[in-house]
Amino acid sequence: MTDSSSRIVTTNQTGIHDDLIETLLKHLGSDFHKPVAEHSQIAFDVCCDLISANERGIILDSGCGIGQSTKILAEKYPDNWVIGVDQSEHRLNKISQQLPDNCQFIRADLIDFWRLALQARWKLEQHYILYPNPWPKAKHLKRRWHGHPLMPTILNLGGELILRSNWDLYVLEFATVLDYLSYPAREIQAIEPEFFLTPFEKKYYESGQTLYELKAELS
């Protein structure tokens, strides 16, 4: 039996957004000047102190929600720091299970955290961006990560990108940006997860939606 409570993504676009590359080029040629929130700076500084005391590769789980994916990844990659970042104190407060010692959670705005990580010259081993963020209306292109002013920062953090979404056009647009900038080893596929990394993944799958994954090496 499938769960029909999760609606599919609908959009007024008929294909890849006409302004996608123009928007990207504008962001590549400009700086983003929004001040970093104080709580984000404090959280990032604490994180830096922690990881500098025990140097390991860094895996970033951006928008980790209640931390299910972060914990799973930390167990899978015990020789790396796995850092889950989410702006919601409410979601992070739901994390109650025993955690691996290489797993850390940070309450911060991703827009702040990504910029601070780049300024600190972090180079990621892997970067997970798992659901949802679509903003499917055409007028909201700049709110999707690949249309956002922070897209260049995401790319410059490097590592293997693993992006999952239940909206195929979102993944195709992201891949189009990578193609335009000549990033190698792009791979998009529909997936049938052996286990669910996030509650959203479980919800979408059980409602019969197709799940899409993009992998790319951001060297």
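Bear in mind the structure is a predicted one, so any value in this text is a computation, not a measurement.

## Describing the packing of aromatic side chains
One pair of aromatic rings is described through two measures. These are the centre distance and the angle between the planes.
Next up, step 1: On inspection of all chains with the given rule, the structure shows eight aromatic pairs.
Next up, step 2: Summarising the aromatic geometry, the rings of Phe44 and Trp122 are spaced 5.2 Å apart at their centres and angled 35 degrees between planes, so their arrangement reads as tilted. Of the two residues, Phe44 sits in helix α2 (residues 38-52) while Trp122 sits in the loop between α5 (110-119) and β4 (126-130), which places them 78 residues apart along the sequence.
Next up, step 3: With centroids separated by 5.6 Å and ring planes inclined at 55 degrees, the aromatic side chains of Phe196 and Tyr205 adopt a geometry described as tilted.
Next up, step 4: Since its relative accessible area comes to 23%, Phe196 is described here as partly exposed.

## Observations regarding the nonpolar core
Next up, step 1: Within the largest apolar cluster, 44 residues are counted, with the highest numbers of intra-cluster contacts made by Ile83, Phe113, Trp114, Trp122 and Trp145.
Next up, step 2: With seven residues, helix α7 (residues 168-180) is the single largest residue contributor to this core.
Next up, step 3: In this view, Trp145 contacts Leu110, Ile111, Trp114, Ile129, Asn133, Met151, Ile154, Tyr170 and Phe174; residues no more than four positions away in its chain are not counted.
Next up, step 4: In this structure, Ile59, Leu92, Cys103 and Leu130 belong to the second largest nonpolar core, which totals 17 residues.

## Comments concerning the pairing of strand β1 (residues 57-62)
Next up, step 1: Burial within β1 is extensive, with five of its six residues counted as buried.
Next up, step 2: With six bridges joining them, β1 and strand β2 (residues 80-86) adopt parallel strand pairing. Note on β2: the bridge partner recorded for Ile58 is Trp81.
Next up, step 3: You can see the chain leave β1, run along helix α3 (residues 68-76) and come back into β2, and the turn it takes is right-handed.
Next up, step 4: With four bridges joining them, β1 and β4 adopt parallel strand pairing. The partner of Ile59 across the bridge, within β4, is Gln126.

## Some words on the sheet that holds strand β7 (residues 211-217)
Next up, step 1: Strand order in the open sheet made by the seven strands is β3-β2-β1-β4-β5-β7-β6, with mixed pairing throughout. Where the open sheet ends on each side, the last strands, each with one partner, are β3 (103-107) and β6 (187-191). Looking at each pair of strands side by side, their axes are set apart by 20 degrees on average, direction ignored.
Next up, step 2: Here five bridges tie β2 to β3, and the two strands are oriented parallel to one another.

## Let's talk about α3
Next up, step 1: Looking at α3, one finds that the buried residues are Ser69, Thr70, Lys71, Leu73 and Ala74.
Next up, step 2: The inward-facing, buried residues of α3 contact β1, β2, β3 and β4.

## A short note on a nonpolar patch on the surface
Next up, step 1: Together, Ile16, Leu172 and Ile188 line one region of the surface with nonpolar side chains, adding up to about 220 Å² of accessible area.
Next up, step 2: With respect to the helices and strands, the residue Ile188 is situated in strand β6.
Next up, step 3: Note on Ile188: relative accessible area 35%, which makes it partly exposed.

## Description of the confidence of the model for the protein chain
Next up, step 1: For the protein chain, per-residue confidence averages 92 on the pLDDT scale, and 97% of positions sit at 70 or higher.
Next up, step 2: Predicted confidence in the protein chain is weakest over helix α4 (residues 89-92), with a mean pLDDT of 79, and strongest over β4, with 98.

## Notes on the environment of Val46
Next up, step 1: Mapped onto the fold, Val46 is located in helix α2.
Next up, step 2: Once the C-alpha coordinates of Val46 and Ile106 are considered, the two residues, 60 residues apart in sequence, prove to be 9.0 Å apart.

## Regarding the side chain of Asp109
Next up, step 1: Considering the arrangement of structural elements, one finds Asp109 in the loop between β3 and α5.
Next up, step 2: For Asp109, which is buried and forms no salt bridge, the nearest opposite charge comes from Lys34, at a distance of 4.1 Å.
Next up, step 3: With residues near it in sequence (within four places) discarded, Asp109 still touches Lys34, His39, Ser40 and Gln87.

## Examining the packing of helix α1 (residues 20-28) against α7
Next up, step 1: Axis separation between α1 and α7 bottoms out at 11 Å; the angle between their running directions is 60 degrees. Judged by the inter-axis angle, α1 sits oblique to α7. Taken as a pair, α1 and α7 cross one another with a handedness that is right-handed. Residues Leu20, Ile21, Leu24 and Leu25 of α1 form the contact with α7, whose participating residues are Glu173, Thr176, Val177 and Tyr180.

The rules we used
- Residues numbered from 1 in each chain as written.
- Predicted model: local features only at pLDDT ≥ 70, side-chain atom pairs only at ≥ 80, totals over all residues.
- Heavy atoms only, no water.
- Phe/Tyr/Trp six-rings, centres within 6.5 Å; stacked < 30°, edge-to-face > 60°.
- Helix = DSSP H or I, 4+ residues; strand = E, 2+ residues; numbered from the N terminus.
- Buried < 20%, exposed > 50% of the residue type's maximum accessible area, 1.4 Å probe, protein only.
- Core = buried A, V, L, I, M, F, W, Y, C linked by side-chain atoms within 4.5 Å.
- Contact = heavy atoms within 4.5 Å.
- Pairing = 2+ DSSP bridges.
- Right-handed = clockwise from strand over helix to strand, strands pointing away.
- Axes fitted to C-alpha atoms, helices over the stretch in contact; angles between N-to-C directions.
- Patch = residues over 30% accessible without salt bridge, like charges linked within 9 Å, V, L, I, M, F, W, Y side chains within 5 Å.
- Areas by Shrake-Rupley, 256 points an atom, 1.4 Å probe, with all protein chains shown as cover.
- Salt bridge = Lys/Arg side-chain N within 4 Å of Asp/Glu carboxyl O.
- pLDDT = per-residue confidence, 0-100.
- Lys, Arg positive; Asp, Glu negative; His and termini not counted.
- Parallel < 35°, antiparallel > 145°, perpendicular 65-115°, else oblique.
- Left-handed = near helix turned anticlockwise from the far one by under 90°.

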